[in-house]
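Each chain, written out:
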Amino acid sequence: MTKFGAAQGLRRVEDPRLLLGRGRYTDDITLPGQAFAYVLRSPHAAARINGIDAEAARAMPGVLAIYTAADVEADGIGGLPCHVPMKNRDGSSRHDAVHPLLAADRVRYAGQPVAFVVAESLVEARDAAEAIMVDYADLPAVGTMPAALADGASLVWDDAPGNIAFDWETGDKAKVDELFAKADKVVSIDLINNRIVVASMESRACNASYDAATGRFTVYAGTQGVHGLKNQLAGVHFKEPAENFHVVTTDVGGGFGMKIFVYAEYVLCTWATRKLGRPVKWTGDRSESFLSDTHGRAQSNHAELAVDADGKFLALRVRTEAEMGAYLSGFAPFIPTMAGSKVLPSVYQTQAVYANVRGVYTNTTWVDAYRGAGRPESNYLVERLVDRAARELGIDRIELRRRNMVRPDQMPYRNALGQNYDSGDFPAILARAVEASHWHGIAARKQEALARGKRRGIGLASYLEATGGAPVERAEIRFAADGMVEVLVGTQSTGQGHETAYTQLVVEKLGVPVERVRVVQGDSDAIPTGGGTGGARSLYSEGGAILAVTDVVIDKGRQAAADVLEAAAADIEFKEGEFRISGTDRSIEILALAEALRQKGGDDAVKAALDAFANWDIKAHTFPNGCHVAEIELDPETGVVEVVGYTVVDDMGRVLNPLIAGGQVHGGVAQGIGQALLEHTAYDENGQLLAGSFMDYGMPRATDLPDIDVTFHPVPCTTNPLGVKGAGEAGAIGAPPSVMNALQDALDEFGVHHIDMPATPIAVWNAIQAARP
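Residue indices begin from 1 for each chain and proceed along its sequence in written order. Predicted model: local features are reported for residues with pLDDT of at least 70 only, side-chain atom pairs are reported and counted for 80 or more only, and whole-chain, interface and lining totals are derived from all residues. Neither water nor hydrogens contribute to the side-chain values; these are computed over all heavy atoms in the structure.

Trainee: Explain the overall build of the protein here, please?
Mentor: Within the protein, the regular secondary structure consists of 20 helices and 28 strands. In this setup the radius of gyration rests on C-alpha atoms only. A globule is expected at 2.2 Å times the number of residues raised to 0.38. At 28 Å, the protein has a C-alpha radius of gyration in line with the 28 Å of a compact globule built from 773 residues. Structurally, the protein occupies a C-alpha span of about 90 × 75 × 55 Å along its principal axes. Burial classes follow relative accessibility: with a 1.4 Å probe on protein chains only, a residue under 20% of its type's maximum area counts as buried, one over 50% as exposed, and anything between as partly exposed. Looking at the protein as a whole, 60% of its 773 residues are labelled buried. In the protein, of all internal contacts separated by at least 6 residues, the share reaching a separation of at least 24 is 79%. In this tally, Lys and Arg are treated as positive and Asp and Glu as negative; His is ignored, and so are the chain termini. Where a charge lies is defined by one atom per residue type, namely NZ (Lys), CZ (Arg), CG (Asp) and CD (Glu). If you average the places of the 73 positive and of the 99 negative side-chain charges in the protein, the two averages end up 3 Å apart. To qualify as a helix, a DSSP run of H or I must reach at least 4 residues; to qualify as a strand, a run of E must reach at least 2; elements of each kind are numbered from the N terminus. We call two residues in contact whenever any of their non-hydrogen atoms come within 4.5 Å of each other.

Trainee: What is the right way to read the sheet that holds strand 15 (residues 352-361) from this model?
Mentor: In spatial order, the strands read 7-15-14-13-8; together these five strands make up an open sheet with mixed pairing. With one partner strand each, in any of the chains shown, strand 7 (164-171) and strand 8 (185-196) form the two edges of the open sheet. Put simply, the sheet's adjacent strands are angled 10° from each other on average, direction ignored. By definition, two strands form a pair when at least two bridges between them are found by DSSP. Across seven bridges, strand 7 lies against strand 15 in antiparallel orientation. Counted as the bridge partner of Thr 170 is Ala 355 from strand 15. Fitting a line to C-alpha atoms yields each axis, with helices limited to the stretch in contact; the angle taken between N-to-C directions then spans 0 to 180 degrees. Helix 6 (residues 173-181) rests against strand 7, strand 8, strand 13 (296-307), strand 14 (313-325) and strand 15 of the sheet, and its axis sits at about 125° to strand 14. Helix 11 (residues 375-393) contacts strand 8, strand 13 and strand 14 of the sheet and is inclined by roughly 145° relative to strand 8.

Trainee: Help me understand the sheet that holds strand 4 (residues 106-107), please; the structure alone is not making it clear to me.
Mentor: What links the strands of a sheet is backbone hydrogen bonding, and the strands pair in either a parallel or an antiparallel sense. Overall, antiparallel pairing links the three strands, which are arranged 4-2-6 in an open sheet. What marks the edges here is a single partner per strand, and that holds for strand 4 and strand 6 (133-138). Summarising the sheet, strand 2 (residues 47-53) and strand 6 pair through six bridges and their orientation is antiparallel. Following the sheet pairing, Ala 47 is matched in strand 6 by Asp 138.

Trainee: Any chance you could explain the side chain of Asp 293 here in plain terms?
Mentor: If you trace the backbone, Asp 293 turns up in the loop between helix 9 (286-292) and strand 13. Within 3.5 Å is the distance limit for a polar contact, defined as a pair of N or O atoms, with the added protein rule that one can donate a hydrogen and the other accept it, and that residues adjacent in sequence qualify only through two side-chain atoms. Within the local environment of Asp 293, its side chain forms a polar contact with the side chain of Arg 204, the two groups lying 2.7 Å apart. If near-sequence neighbours (up to four positions away) are discounted, Asp 293 is found in contact with Arg 204, Met 258, Tyr 263, Glu 288, Thr 365 and Trp 366.

Trainee: Help me understand the packing of aromatic side chains, please; the structure alone is not making it clear to me.
Mentor: Centre distance and the angle of the planes are the two values used to describe a pair of aromatic rings. Any two rings among Phe, Tyr and Trp, with Trp reduced to its six-membered ring, count as a pair given centres within 6.5 Å; such a pair is stacked if its planes are under 30 degrees apart, edge-to-face if over 60, and tilted if neither. Tallied over the full model, the rule gives 17 aromatic pairs. When the centroid spacing of 4.7 Å and the interplanar angle of 45° are considered together, the rings of Tyr 210 and Phe 217 count as tilted. The exposure class assigned to Phe 217 is buried, which follows from its relative accessible area of 0%. Each member of the aromatic cluster is reached from another via a ring pair, and the members are Tyr 210, Phe 217, Phe 238 and Phe 245. The lysine or arginine in question, Arg 317, covers the ring of Phe 180, its NZ or CZ lying 3.9 Å from the ring centre. Charge over a ring is defined by NZ of Lys or CZ of Arg lying within 6 Å of the ring centre and within 35 degrees of the ring normal.

Trainee: Would you mind going over the pairing of strand 20 (residues 485-489) with me for this structure?
Mentor: On any regular strand, side chains alternate: one points to one face of the sheet, the next to the other face. Summarising burial for strand 20: five of the five residues are buried, a large majority. Both faces of strand 20 are covered, namely the face carrying Val 485, Val 487 and Val 489 and the face carrying Glu 486 and Leu 488. Pairing of strand 19 (residues 472-479) with strand 20, which is carried by five bridges, proceeds in the antiparallel orientation. Paired with Glu 476 across the bridge in strand 20 is Leu 488. What sits between strand 19 and strand 20 in their antiparallel hairpin is a turn of five residues, with Gly 483 showing a positive phi close to 90°. In this sheet, strand 21 (residues 517-520) lies alongside strand 20 in parallel orientation, the contact comprising four bridges. Bridging across to strand 21, Val 487 finds its partner in Val 519.

Trainee: I'm lost on the pairing of strand 2 in this one. Help?
Mentor: Pairing of strand 2 with strand 4, which is carried by two bridges, proceeds in the antiparallel orientation. Among the inter-strand pairings, Ala 47 is bridged to a residue of strand 4, identified as Val 107.

Trainee: Mind showing me how you'd approach the pattern of salt bridges here?
Mentor: Oppositely charged side chains can pair when the atoms bearing their charge come close. When a carboxyl oxygen of Asp or Glu lies within 4 Å of a side-chain nitrogen of Lys or Arg, that pair is called a salt bridge. Throughout the structure, instances matching the rule amount to 54 salt bridges. As a salt-bridge pair, Asp 293 and Arg 204 come within 2.7 Å of each other at their nearest N and O atoms. Separated by 89 residues along the polypeptide, Asp 293 in the loop between helix 9 and strand 13 and Arg 204 in the loop between strand 8 and strand 9 (205-211) bring together distant segments of the chain. Judged by its relative accessible area of 5%, Asp 293 is buried. Look at Arg 204 and you get buried, because its relative accessible area is 2%. Notably, a salt bridge pairs Glu 377 with Arg 297, separated by 3.8 Å at the nearest N-O pair. A residue pair is termed long-range when its members are at least 10 positions apart, and Glu 377 in helix 11 and Arg 297 in strand 13 qualify at 80 residues. Look at Glu 377 and you get buried, because its relative accessible area is 2%. Taking the relative accessible area as the measure of exposure, Arg 297 reaches 4% and is therefore buried. Connected via shared salt-bridge partners are Glu 383, Asp 387, Arg 391, Arg 397, Arg 401, Lys 446, Asp 745 and Asp 748.

If you want it as structure tokens, here you go:
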């Protein structure tokens, strides 16, 4: 019997199943009578469709159906909407661009679905798709933001002048302008936050079936929460009661925000299964993932910092262009605006902040949330700007940050954009990171590298995240007939270790062995509501619900134990898994109580006496924070940059499982280093994807990563009963600015005063050559 409560490094309970190949992913599911789908996609970034001839393809062996936009529209199946209402600076509403399930008369990006082919096998579906003749008439395309914003640029949408989707602002502009007017120094920087693909290990997939007798759909799909897909299928696409849709998510091989969204393939599979009376499966290959998944980041920023004579930050002013692609994805406008802007004040006492964000259409696939969802972009521009300010002011980088940080005695602290930081000790974390990274010994290490013809650089980034997501979460506990304690949750693990964390909470509260806890997720029939996973919300939201439901179980169990032990409920206490009559040695374990109830009255007796559910209202989100220090080595002859040291000090509040939390940081840092040095989703100006496979797209490998030293500096959160803060996105937030600040430190001697991500060898080499006399 194993009992591991909270704050212990329990190894992940899900790992043996996954490592032994017993995981069950969407593509592993094959249903009786299974049919297979393939999507014919546009090769053009902008074109009119003059006609589609699919007659020869329909006659090919194994083909069950070929559907086009006309078929979908005839059945009234709606397209993919954006869910974010937004007002422009002038009070008008943002532009709306609903993504059709299949293109009708026009395509707006390369990879847009044009036809949906269903056949007896995937090979036959693919062969048929190649036989479909589509008459395209090329149109001018804008494949990059500079091209889309140029004077006289072709329009992605005729009713979106200048290719602007929205023009949004936040903050006190008048106060910011006033503070800038009296500043002793204004420091500015222009940055590119490079566009990247998500590249989850498991690609997207869907398998849908329909029961004509009941009128119910069953949809298997890799999601970050089944209820989002269920509710959108019912309310937006089919306009049928939600109870007609049963959505199941099994194991998920990575999500990172991208699998939150509903995609055309999911709706098409669900629609086609009813038309054909056969289950329909679609699984994207890696090339399709590059073309059709939501991408991340894709911003250009101009940021200005007003500073007084003492080096104190007065005001921050930011102008951002955020690429949307050709259509607005589900949450796309929210990411660079409401999500990203609220952390622009970061860990600093900046008096006022103003931000203007314009969403820009291009003839490319859509851009939406990617690990951190707006917060990495904001932290990146702030920390690059602070480093530049330190250089221009002649103030040490550490000292400038320390001088401007919010102090712990100021908590709770309301930042310049109205966010309330409940807790944190930013100066202490900075100090620990500096010490742990041996910052002050860098001069000797630089000399040693120079003797080998290399250059060393060191950089740091203090970061602050604001977590988010659905405002309510649900948990349910059932004492199953096989002796297991089932914990039904509304979040969805995509690899984070939820099963382990939730198991630890239940073990700590109910005193049952680890091996007797079974976490159930990803089933909309079994779990009636749930907010899903995103915004680093799962532990404090679902954890709060689990604490609440275990309290209900214990309260209900007192009466049941009193009946079994023949005592008054008021005399029953619960401790370490046992109900005991106070002051006596008479007791019964909670699992034994469940079995006694079942023997006496069956499952109904257990349900009445012990089973329970609870909804947890999330009144406040959390503010994880920390400091990353990166040390790099540069070969000036080749431009190759190697990250040789990496230190993280994180405040994630109370750390429930240090192994899992550390693993989350490691993964995020790997993604952040990848963005900083390697990754770039390159399109040409005509909207053709140039980096459409792992042959062309630079993914980080183990050899690109250093040992990552992670230390936790927990300052308990005061707004949730666990005292935890989100952990899932922190690594991806701190890594890009710390790495790029380290590289800038190494490049200073060459007269290179600025470099953007990704700092690939050719980009670094070119920058050095351009700076030479």
